[in-house]
Amino acid sequence: MTDSQFSENTTQMTNMANAIRALSMDAIQKANSGHPGMPMGMADVATVLFKDHLRFDPKAPNWPDRDRFVLSAGHGSMLLYSLLNLTGYAAPTMDDIKNFRQLHSPTAGHPEYGECPGIETTTGPLGQGLATAVGMALAERLDNARMGDDLVGHKTYVIAGDGCLMEGLSHEAISMAGHLKLGNLIVLWDDNSICIDGSTDMTVSDDMQARFDASGWHVQSVDGHDMEAIDAALTQAKDSDQPSMIACRTIIGFGAPTKQGTSATHGAPLGDAEIAGAREMLGWPHASFEIPDDVAQDWAAVGAKGAALSAAWNAKLEKLDVDSRAAYARRLSGDIPSELDAAIEDYKAALAAEPVKVATRKASEMALGVINPVLTETIGGSADLTGSNNTKTPDQAVITADDFAGRYMHYGVREFGMSACMNGLALHGGFVPYGGTFLVFTDYARSAIRLSALMGQRVIYVMTHDSIGLGEDGPTHQPVEHIASLRAMPGVTVYRPADAVETAECWQLAMHASEPSVLALTRQGLKQQRLTHNTENLCAKGGYILHEAEGDVAAVIIASGSEVEIAAEARDALQADGVPTRVVSMAATELFDAQDEAYRKAVLPANTVKVSIEAGTTFGWHKYVGDGGKVIGIDSFGASAPATDLYKHFGITGDAIVAAVKARL
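Quick caveat, the model's predicted, so the values are computed rather than measured.

**Quick notes on the sheet that holds strand β19 (residues 609-613)**
Strands pair in a sheet through their backbones, by hydrogen bonds, and they do so in one of two ways: parallel or antiparallel. The strand order across the open sheet formed by five strands is β16-β18-β17-β19-β20, and the pairing between neighbours is mixed. At either margin of the open sheet sits one strand with a lone partner, and together these are β16 (543-547) and β20 (630-632). On average, each strand axis in the sheet is tilted by 25° relative to the strand beside it, whichever way the strands run.

**A few points about the side chain of T522**
Locating T522 in the fold gives a position in the loop between β14 (517-520) and β15 (525-526). Residue classification places T522 among the buried residues on the basis of a relative accessible area of 0%. Looking at T522, its side chain comes within polar contact range of the main-chain oxygen of Q524, at 2.9 Å. Excluding residues within four positions of it along the chain, T522 makes contact with A359, T360, R361, H465, D466 and S562.

**Some points on the pattern of salt bridges**
Oppositely charged side chains may form a pair once their charged atoms are brought near each other. The full count for this structure, using the stated rule, is 26 salt bridges. Between D191 and R249 there is a salt bridge, with the nearest N and O atoms lying 3.4 Å from each other. Of this pair, D191 sits in strand β3 (residues 185-191) while R249 is found in strand β7 (residues 244-249), placing the two residues 58 residues apart along the sequence. Accessibility expressed as a relative area gives 42% for R249, which makes it partly exposed. Counted as one network, the salt bridges with shared partners bring together D466, R487, R496, E563 and E614.

**A look at the packing of helix α2 (residues 37-52) against helix α3 (residues 77-87)**
Closest axis-to-axis distance for the α2/α3 pair is 9 Å, and the angle between their directions is 40°. Here α2 lies oblique to α3, going by the angle between them. Where α2 crosses over α3, the handedness of that crossing is right-handed. The residues of α3 that touch α2, namely those facing M38, P39, M42, A43, A46 and F50, are M78, L79, L83 and T87. Here the contact of α2 with α3 is built from residues that sort into nine nonpolar, one polar and no charged.

**Quick word on the sheet that holds strand β6 (residues 218-223)**
Strand order across the open sheet formed by five strands is β1-β2-β3-β7-β6, with parallel pairing between neighbours. Of all the strands in the sheet, just β1 (68-71) and β6 have a single pairing partner and so form its edges. On average, each strand axis in the sheet is tilted by 15° relative to the strand beside it, whichever way the strands run. Inspection of the sheet shows β6 paired to β7 by six bridges, in the parallel sense. When the sheet's bridge partners are listed, D223 is paired in β7 with R249.

**Some details on the nonpolar core**
Within the largest apolar cluster, 63 residues are counted, with the highest numbers of intra-cluster contacts made by I460, W507, I652 and I657. The greatest single-element share of this core, amounting to eight residues, is contributed by helix α20 (residues 500-512). If sequence neighbours within four positions are ignored, I657 has contacts with I557, I566, A567, A570, V611, I613 and I632. If you look at the next biggest cluster of nonpolar residues, it comprises 62 residues, including M422, A448, A453 and I483.

**Quick notes on α20**
The end-to-end C-alpha separation of α20 is 19 Å, in line with the 18 Å expected for 13 residues at 1.5 Å each. The buried fraction of α20 amounts to twelve of the 13 residues, a majority that puts the element mostly inside the structure. Turning to α20, its buried residues are A500, V501, E502, T503, A504, E505, C506, W507, Q508, L509, A510 and M511. At the N-terminal end of α20, a side-chain oxygen is found 3.1 Å from the backbone nitrogen of V501, two or three residues along, and the residue is D499.

**Describing helix α15 (residues 360-374)**
Between its first and last C-alpha, α15 extends 21 Å over 15 residues, near the 21 Å set by a 1.5 Å rise per residue. L368 marks where α15 bends most, by close to 30°. If you check which residues of α15 are buried, you get T360, R361, A363, S364, A367, L368, V370, I371 and N372.

**Describing the pairing of strand β12 (residues 460-464)**
With respect to burial, β12 is a largely interior element, five of its five residues being buried. Where burial is concerned, the two faces of β12 agree: the one with I460, V462 and T464 and the one with Y461 and M463 are both buried. Pairing of strand β11 (residues 432-438) with β12 involves five bridges; the strand directions are parallel. Within β12, the residue paired with Y434 across the bridge is I460. In terms of handedness, the path from β11 via helix α18 (residues 442-455) over to β12 forms a crossover that is right-handed. In terms of strand pairing, β12 meets β14 through four bridges, oriented parallel. The residue bridging V462 from the neighbouring strand is L519, located in β14.

**Quick notes on the packing of aromatic side chains**
Scanning all chains against the criterion turns up eleven aromatic pairs. Through pairs of rings, three or more aromatic residues link up here, namely F50, F56, F69 and Y89. Directly above the ring of F431 sits R331, whose terminal nitrogen or CZ lies 5.1 Å from the centroid. Its guanidinium or amino end placed over the ring of Y599, K541 lies 5.0 Å from that ring's centre, counting from NZ or CZ.

**Description of the state of the cysteines**
Inspection of every chain in the model, using the stated rule, returns zero disulfides. Of all cysteine sulfurs in the structure, the one in C164 sits closest to C248, which takes part in no disulfide; the separation is 13 Å. In this structure C506 is a free cysteine whose sulfur lies 4.1 Å from that of C539, the closest cysteine sulfur available. The exposure class of C506 is buried, given its relative accessible area of 0%.

**Examining the pairing of β14**
On β14, burial covers both faces: S517 and L519 on one face and V518 and A520 on the other are all buried. The pairing of strand β13 (residues 493-495) with β14 spans three bridges and is parallel. Across the sheet, T493 pairs through a bridge with S517, a residue of β14. Tracing the backbone out of β13, into α20 and back to the parallel element β14 gives a crossover that is right-handed.

How each quantity is defined
- Per-chain numbering applies: the sequence of each chain, read as written, is numbered from 1 onward.
- pLDDT decides what is reported in this predicted model: residues at 70 or higher carry local features, side-chain atom pairs at 80 or more are listed and counted, and totals for whole chains, interfaces and linings draw on all residues regardless.
- Side-chain numbers here rest on the full set of heavy atoms in the structure, without hydrogens or water.
- Here, strands pair whenever DSSP counts at least two bridges between them.
- Each helix is a run of H or I in the DSSP string that is no shorter than four residues. Each strand is a run of E no shorter than two, and both are numbered from the N terminus.
- Helix axes use the C-alpha atoms of the stretch in contact, all axes being lines fitted to C-alpha atoms, and the angles between their N-to-C directions lie in the range 0 to 180 degrees.
- Each residue is assigned to one of three classes by its accessible area relative to the maximum for its type, calculated with a 1.4 Å probe on protein chains only: buried under 20%, partly exposed between the two thresholds, exposed over 50%.
- For this analysis, a polar contact is any N or O atom pair within 3.5 Å, provided that within protein one partner can donate a hydrogen and the other can accept it, and provided that sequence-adjacent residues contribute only side-chain to side-chain pairs.
- Throughout, a residue-residue contact means that at least one pair of heavy atoms, one from each residue, lies within 4.5 Å.
- The term salt bridge refers to a pairing of a side-chain nitrogen on Lys or Arg with a carboxyl oxygen on Asp or Glu at a separation within 4 Å.
- An angle below 35 degrees is treated as roughly parallel, one above 145 as roughly antiparallel, one from 65 to 115 as roughly perpendicular, and anything else as oblique.
- Crossings are sorted by hand: turned counterclockwise from the far helix by less than a right angle, the near helix makes the crossing left-handed, and turned clockwise it makes it right-handed.
- Residues are sorted three ways: Asp, Glu, Lys and Arg are charged, Ala, Val, Leu, Ile, Met, Phe, Trp, Tyr, Cys and Pro are nonpolar, and all the rest, Gly among them, are polar.
- Buried Ala, Val, Leu, Ile, Met, Phe, Trp, Tyr and Cys residues form a nonpolar core when they are joined through side-chain atoms within 4.5 Å.
- Between the first and last residue of a helix there are one fewer steps than residues, each counted as 1.5 Å, and that sum is the expected span.
- Note that the bend at a residue is defined as the angle between axes fitted to the seven residues ending at it and the seven residues starting at it.
- If you view a crossover with the strands going away from you and the path from the first strand over the helix to the second runs clockwise, you call it right-handed.
- Pairing of aromatic rings covers Phe, Tyr and the six-membered ring of Trp, with a centre-to-centre limit of 6.5 Å; geometry is then stacked below 30 degrees between planes, edge-to-face above 60, and tilted otherwise.
- Think of it as a cone above the ring: NZ of Lys or CZ of Arg counts as a charge over the ring if it is within 6 Å of the ring centre and within 35 degrees of the ring normal.
- When the sulfur atoms of two cysteines come within 2.5 Å, that pair is taken as a disulfide.

Here is the structure:
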C-alpha cells in the first residue's frame, strides 16, 4: 500500500482495530475473566495482517493453501475470536462472544482447535503455538516439494508474547526454524515489556532480536501502533528467504486510560469505569458488543476477498490428472490406503513362517520397512537417537534446508520441540508424523503430547528403552513411572508390544487412529510369542489370551511388553506343576478398558488367581488382578547394571510369578 493510500485509510483501519479492542474488553468484562491487554495492544498489528497480508477464506476455512495464523499468546484469545467473527467465519457468532469462557461455548478461555473454524491449533501453554507453527511451516515446504509452487505456497504467521519467548521451548523452535531456513514463517512479537507479575525487566534482560538473529532469522522492529510501518515490515518479511521476526513495540491494554502499559490489563477485566474511559479515549461511542455498520462492512469485505483466492486455487487443482488429484485428496484427508493393511497382513504371515527374536525397537524398524514404502506421507524423525530408536528406513531421504523432498527429520536434542513440531505437521494436513526418543524423555515432551491428545491429532511417539531392561545407563534413563503416567493421560493410547507380530499390529492401529499413540519399545531382544498367523489384529482388543491354559483356568498372568516372555515361562512352570495357567498379553490397557464387560470378564474370569507383571510402577494394575491378586512391578527408581541382573534384583522374574500364584491357590 502506498503512503497516500495509507493516509486515506488511517481512520478506517483505526476503527477496524478499535472494533477488536471493544469486543475484547466487553467480552472479558461480561465473563468477569480473561486477558484484555494483549488483544488491545496488538489490534493494530492484527488489523494490518488480516486486511492486507493474510490469505484466508472464511467460507472455505480448510482451503489447503490458506495462510496459517497461530495465536501463540493464547491468553489473548479474544483477539482471534474478534477477528473470526468480524471477517465472517461461521463461528464464533456474536452470541458466542457474549458467552466468552462459558460452559459449552466455543469461545474458550484459550483457543481450542476444532471449536471454531479458523483456529489452527490449540494454544495457551506458552511457546507451544510458536513451536507448532514451525511444524506447519515445515509441512508447507514438504508439500511444496511434492506438489509444486502452483498448488502450495502459503505462509505461517504467529503472534507471540514475552512469555512465549521466555519458555525454553522457544529456543528449540527458533533454532530449528533458522536451521531449516523456513522463509515461510513470520513471527510478530508483541513486545510490550509486561508480564503478569509486572515489568519484564524483573525477570528477563535478553536481547530478543539478537536471539533470533543468531539463529539465522530476518529481524525487524516496528512501532506496533504505526500501521504503515507494520505493513512495510510484513512486506519485507514475506520477501525474505529466512524465517522472520518482527518486534512490534506495543502498549499493553492500548486505549485504557489509567491502566494501559501496566500489568493491570494483562489478566483481569478492566472494570466498567475503565471501559467507559477507553471508549472515550478511542473515540468509540458504541454500546457493548455493538459494531457500527461501516466498520462491520469493512471487516466483511476483508473476509470476502478470500473467495477469489480459494476459487483460483481450486481451478489449479482441477488441472491435475484424476489420479493425482485423488491421491492428493486422500493424503489431505488423512485416510489410510487399503494397501497398508494388506502389506501388514502379508508381513505378519511372514513372521509366523519365520519367527524372529529381536528387540521391539528393531521390530518397529522392521514394521516401518513395510509401512513407509506404502504410506509415503509418513514423516519420521528422532531427537538425535536415530540409531537407538530405529526410526529411519532405507527409503527415507533426510529433510534439509536445501531439499524438502525427504521424509526424515533429524530433530536434534529437542524432544519438546520435536513433539510440538509433529503436532504442526499433523495439523497442517497431508502428513503422518512419527518421532523417537527414549521413553524417559517423554518428561521433556509431555506438554506437547498432551496437546496432541487434546486436539485429537494422529502423532506417533516412538519411545524406546522402555524399562530397566535398558541396563547400564542407570536410573536417570530407566523409566519407571512413565508408562503409567502416559496411560493416565486422556486421549492417548500407549502400546507396549511383546514381540515383532504385536509391534506390527500396534503400528497398524496407530496409523488408523484419530488420536496420538505412544509405542513403548524395548532395548533387549524378545522371543516371538505369536507363532501361528492370525488375520485378526489381536492387539486391537488391548488385552487378549495369548497362551491358553491346559485345563480349567486356575490362574491368569497378565503382562505387557518384555514381561510377556517372562509370563510365558512362568506359565510353563505352573502347567508342569499341575496349575492350568493362562497368559494375557496387555498390549494397550486403554483399548482393553474400552471393550465390553463380557469380553473383559471372559479374558480375566472371576474365581481365578490373577497376577500381573510389568517392569514399571505397580500403579494402575490392581484393577485387573482384583483384591486377592498380586501386582509385580517396581515402585522405586532403577539402578545401573546389566539388564539380567536388574530383573533379578527387582524381582521381575518367572519365579516371582510362580510363587505369587501358588501362594494364592
